[in-house]
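Fold and contact review
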Amino acid sequence: LICSFSCFDWLIIKSGLLLGVLVAFYLVFVFVARKHNFYFQKELFVSLVYVSGIWFAPLIWYGITPQPVVLVIFIIFFLFGWIDGLMIASLDRQRDLQDHQISFATYYGNRTTDYFIVTLLLLNALLLVLGFVMGWNDNFRNEFIMLLLIDIAFIILFSQRKRLYEKPFYRFLLEMIF
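Let us look at the structure shown here.

1. As for the packing of aromatic side chains
Evaluated as defined, the whole model comprises 9 aromatic pairs. Considering the side-chain rings of Phe 78 and Trp 82, the 5.7 Å spacing of their centres and the 40° angle between planes classify their relative orientation as tilted. Of the two residues, Phe 78 and Trp 82 both sit in helix α4 (residues 68-91), 4 residues apart, roughly one turn of that helix. Residue Phe 78 shares its accessibility class with Trp 82, and that shared class is buried. With centroids separated by 5.1 Å and ring planes inclined at 20°, the aromatic side chains of Phe 104 and Phe 116 adopt a geometry described as stacked. Linking Phe 104 in helix α6 (residues 104-108) with Phe 116 in helix α7 (residues 110-135), this pair joins segments that are 12 residues apart in sequence. Of the aromatic side chains, those joined through ring pairs into one cluster are Phe 78, Trp 82, Phe 104, Tyr 107, Tyr 108 and Phe 116.

2. Some thoughts on the pattern of salt bridges
Opposite charge on two side chains permits them to pair, given that their charged atoms come into close proximity. With the rule as written, the count across this model stands at 1 salt bridge. Between Asp 92 and Arg 95 there is a salt bridge, with its nearest N and O atoms 3.5 Å apart.

3. Digging into a nonpolar patch on the surface
There is a patch of nonpolar side chains on the surface, built from Ile 145, Leu 148, Leu 149, Ile 152 and Ile 156 and spanning about 420 Å² of accessible area. Within the secondary structure, Ile 145 sits in helix α8 (residues 141-159). Judged by its relative accessible area of 36%, Ile 145 falls in the partly exposed class.

Thresholds, definitions, all that
- Residues numbered from 1 in each chain as written.
- Predicted model: local features only at pLDDT ≥ 70, side-chain atom pairs only at ≥ 80, totals over all residues.
- Heavy atoms only, no water.
- Phe/Tyr/Trp six-rings, centres within 6.5 Å; stacked < 30°, edge-to-face > 60°.
- Helix = DSSP H or I, 4+ residues; strand = E, 2+ residues; numbered from the N terminus.
- Buried < 20%, exposed > 50% of the residue type's maximum accessible area, 1.4 Å probe, protein only.
- Salt bridge = Lys/Arg side-chain N within 4 Å of Asp/Glu carboxyl O.
- Patch = residues over 30% accessible without salt bridge, like charges linked within 9 Å, V, L, I, M, F, W, Y side chains within 5 Å.
- Areas by Shrake-Rupley, 256 points an atom, 1.4 Å probe, with all protein chains shown as cover.

Quick look at the structure:
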């Protein structure tokens, strides 16, 4: 913490503190929502906070307005985080039901969760194609190849989920892929 205050620009520290306040509000909201049986899409929010946390500091640090292709990459990262959260929620569905935890998978069921994951995977594939078109000449080729590999890994894990759900390494793969 001390290193943060001495090494980072004050604007980055303020942005980090703001993100921390948003997380605190989120935790209070989840606690209150749980008491009143109100559903809140926590996988979406966790993805947004995670991706914001890893993206805002470099953008603020360099003080640049991101190019449209960079915004597409941000959205792809956000969708990867959301897909990852939904796949883990689907994996943990039985435990969450036993513990009376609300997630996308417990609220909507496995079938709807699976359809939604497929929709997000297809949206990400579409954005990757858009990104290739927008950024191929702007030296973003390697980034989009890496993102395409992540998308393929998610598709493989998702397509093999029924066979792999019982294996302990499946969750490890989901945690490590993103």
